[in-house]
Amino acid sequence: MTAERMNGKELAATKHAEMKVRVSELAKSGIVPGLAVILVGDDQASQTYVRSKQKMCEKVGIHSILKHLPADTTEEVLLSHIDELNNDPEIDGILVQLPLPKQISEQAVIEAISPEKDVDGFHPINIGKMMTGEKTFLPCTPHGIIELLKASEVQIAGSHAVVVGRSNIVGKPVGQLLLNEHATVTYCHSRTVDLRAITTQADILVVAVGIAKLIKKEDIKPGAVIIDVGMNRDENGKLCGDVDFDDVEDIASHITPVPGGVGPMTITMLLENTIESALNRS
Ligand code: GUN
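Residues numbered from 1 in each chain as written. Predicted model: local features only at pLDDT ≥ 70, side-chain atom pairs only at ≥ 80, totals over all residues.

S.K.: Run through the UniProt feature "domain: Tetrahydrofolate dehydrogenase/cyclohydrolase catalytic" (unreviewed entry) in the protein, naming residues and quoting values.
M.R.: Mapped onto this numbering, the UniProt entry gives "domain: Tetrahydrofolate dehydrogenase/cyclohydrolase catalytic" (unreviewed entry) at residues 6–120. As annotated, residues 6–120 has a helix share of 50% and a strand share of 16%, and its two end C-alpha atoms lie 23 Å apart. (UniProt positions renumbered as here; feature names shortened; annotations may be inferred. Helix = DSSP H or I, 4+ residues; strand = E, 2+ residues; numbered from the N terminus.)

S.K.: Explain the confidence of the model for the protein residue by residue, including any values.
M.R.: Looking at the protein as a whole, the pLDDT averages 97, with 100% of positions reaching at least 70. We note a pTM of 0.98 for the whole complex and an ipTM of 0.97 for its interfaces. (pLDDT = per-residue confidence, 0-100.)

S.K.: Give a detailed account of unusual backbone geometry, specifying residues and quantitative values.
M.R.: Geometrically, the link from L98 to P99 is a cis peptide bond, its omega value of 0 degrees lying close to zero. If you trace the backbone, P99 turns up in the loop between β4 (93–96) and α4 (106–112). Its identity is not glycine, yet H182 carries a phi of approximately 75 degrees, on the positive side. Within the secondary structure, H182 sits in the loop between α7 (171–180) and β6 (184–188). Residue classification places H182 among the exposed residues on the basis of 12 C-beta atoms within 10 Å. Although it is not a glycine, K213 sits at a positive phi angle of roughly 50 degrees. By the secondary structure assignment, K213 is in the loop between β7 (204–207) and β8 (225–228). On the neighbour-count criterion, K213 (19 C-beta atoms within 10 Å) is partly exposed. (Buried ≥ 20, exposed ≤ 12 C-beta atoms within 10 Å, placed from the backbone.)

S.K.: Account for the site of the ligand, with residues named and values stated.
M.R.: Taken together, L95, V96, Q97, L98, D120, C140, T141, I169 and T266 make up the full set of residues adjacent to the ligand. Elements supplying a minimum of two residues to the shell around the ligand: β4 and α6 (140–151). Residue classes in the shell around the ligand are distributed as 5 nonpolar, 3 polar and 1 charged. (Near = placed C-beta within 6 Å. Nonpolar A, V, L, I, M, F, W, Y, C, P; charged D, E, K, R; others polar.)

Dropping the structure here:
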């Protein structure tokens, strides 16, 4: 058996075409969705992510602005930029690219963003709503993973989903969204004693730890659905995930490639949240 590739790039392209139509409908009532991205410092990976987000915005007709601040920006200055954007009627979504330099508290920044403009879905109010299953902005990577599973007609309800990684951005919320979809969820992390004993029980295995090719064929159950959130470089400098794709490909039933799997879905869900926010303009 060769695993079916879950093509995030293709699903993202389909969704972009739909969003373009929604954005042109909104334009008829004089609304252009607006996204503000704040980047602090010169981290190369962050700059690449931010550029991709802006490029995609442009493609679907979302107006995006970038505030690129120096690495020594104080928390106070950053908070004043957020305050200004919270009060800007043309801005529907605010995204502060993480990680931030160490003089700035990420939590303080996340909590300063108006929950109505928190298109990342990181604000504690939105996280609370996600946990209770209320409609709200969902974190983009976890939401993109659920969309990809549904588009691939993977049965989530009743499955055993194992999440490796417990970050606030991916691991914790993806487990919650899988639970909301009626999976039985187990979290694994760096202190998990026997990782393999748990990952081999997974019907759906989500790996988000940032360790190149951590998961091998011995770590998965035959027929498992594998979601690889990793974005690493292998020993030859080639992009690779947290899962050893070539090793597990013949054992898994479905797998997300890296690149072209989860990544494009993250940006897509960000655009959807921004359009949704524009629709809520009063
Ligand atoms: N850094 C890595 N992923 C993300 C994300 O989804 N949102 C933000 N704001 N920063 C990130």
